[in-house]
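Chain and residue survey
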Amino acid sequence: MDRYALIGHPVEHSKSPHIHAAFARQTRQELSYRALLAPLDGFSDTVRMFRAEHGRGANITVPFKIEAYALATRLTERARLAGAVNTFTFEDDAIIGDNTDGIGLVRDLIINLACPLAGRRVLLLGAGGAARGAVFPLFQTKPVSLTIANRTIERAQELRTAFASCAGQTAFTVGGFGDLKGWEFDVVINATSVSLENGVLPLPGNIFAPDAFVYDMMYGAGDTPFLAWARTAGAARLSDGLGMLVEQAAESFTLWRGVRPNSASVLSGLRRKLASKSKAELISGREF
Ligand code: NAP
């Protein structure tokens, strides 16, 4: 049986084994997928051990996505640009590193949530790993503008330098939260971890165009703190990031198995499970 794993620290709460098992059942693929806890100083040893057990591929989660980038012997274009790897495919002499987080976000927005990005004014909040993985796939959807705002402005400026050559016809601006005064956006994506801290971003309240779509990469049983703020600031269409989690997994599965699973049914099953949890158990995408 072909073996796959999620490698991270921690991994015990991960939903990835459940998601991949569901994909395998649907597509009648014979495989196993397990959560593999790597010691904080033992990521490469864990990967070596898993390859020795004939592992065919792995997902990588916090805190190892940058180490995974360094360990890969070949990188896809989107992983190279993201500077982080969440998917390994093992070949005889090669470790191919890919990044499926950003395409997972884009597929969730466009396909699951019917939120087109082409020709729209998109605001990306944050400049950490998740934001970095999203920039190239977002440009590929051809928004009319992409604005990145971050608490630490220098990190947003680093993204400007790294991705300027990918912008094509899209107007590309970066700055701090205060710079957004007077601007209006059709799609606002929160890639900061502020919701994890139950905090609020210091954003002007009038950044939402009529009918704007607001997305938080974090997810939980009800509105995340960011979505709750957006709702009170007048946003009508909102989503958390559970669909991104399922779609990044579906993209990895497709890479490994050559068959695309039906992510919608897995997502609705997870959504039902999550709805039965209390708000106090708000879960972070970090676990995946
Ligand atoms: P990260 O690399 O640690 O980056 C954190 C980002 O949040 C940085 O831009 C940071 O700004 C900002 N930030 C943190 N606390 C803040 C605060 N109090 N006020 C303003 N900005 C703050 O984390 P990440 O891996 O990018 O993850 C970001 C979020 O995405 C997390 O909530 C994670 O759960 C979620 N995520 C979801 C999925 C999914 O599949 N749904 C996948 C990946 C990530 P500075 O640069 O100023 O520090």
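Residues numbered from 1 in each chain as written. Predicted model: local features only at pLDDT ≥ 70, side-chain atom pairs only at ≥ 80, totals over all residues. Heavy atoms only, no water.

With that settled, the discussion passes to the pattern of salt bridges. Proximity of charged atoms lets side chains of opposite charge pair with each other. Under the counting rule described, the total for this entry stands at 17 salt bridges. With its nearest N and O atoms 3.6 Å apart, the salt bridge here joins Arg107 to Glu247. Here Arg107 is found in helix H5 (residues 101–112), whereas its partner Glu247 is found in helix H9 (residues 242–257), with 140 residues between them in sequence. Salt bridges linked by common partners bring Arg78, Asp98, Glu251 and Arg260 together as one network. (Salt bridge = Lys/Arg side-chain N within 4 Å of Asp/Glu carboxyl O. Helix = DSSP H or I, 4+ residues; strand = E, 2+ residues; numbered from the N terminus.)

Moving on: the site of the ligand. Around the ligand, the surrounding shell holds 24 residues, and the nearest of these are Ala130, Asn150, Thr152, Arg155 and Glu197. Within the side chain of Arg151, a nitrogen or oxygen atom sits 2.9 Å from an oxygen atom of the ligand. Relative to its unbound accessible surface of 930 Å², the ligand loses 86% to contact with the protein. Counting residues per element, the ones that place at least two in the shell around the ligand are helix H6 (129–140) and H9. For the shell around the ligand, the residue count by class is 10 nonpolar, 10 polar and 4 charged. (Near = heavy atom within 4 Å. Polar contact = N/O pair within 3.5 Å; in protein donor to acceptor, adjacent residues only side chain to side chain. Areas by Shrake-Rupley, 256 points an atom, 1.4 Å probe, with all protein chains shown as cover. Nonpolar A, V, L, I, M, F, W, Y, C, P; charged D, E, K, R; others polar.)

Below, the discussion takes up the sheet that holds strand S11 (residues 208–216). Judged by pairing direction, the sheet is parallel, and its 6 strands sit side by side in the order S9-S8-S7-S10-S11-S12 without closing on themselves. Of all the strands in the sheet, just strand S9 (171–175) and strand S12 (237–239) have a single pairing partner and so form its edges. Recorded for the sheet is a direction-independent mean angle of 15 degrees between the axes of neighbouring strands. Note: strand S7 (residues 121–125) against strand S8 (residues 145–149), 5 bridges, orientation parallel. Bridge pairing links Leu125 to Ala149 in S8. Each of S7, strand S10 (185–190), S11 and S12 is contacted by helix H8 (residues 225–232), which is oriented at about 170 degrees to S11, the strand it contacts most. (Pairing = 2+ DSSP bridges. Axes fitted to C-alpha atoms, helices over the stretch in contact; angles between N-to-C directions. Contact = heavy atoms within 4.5 Å.)

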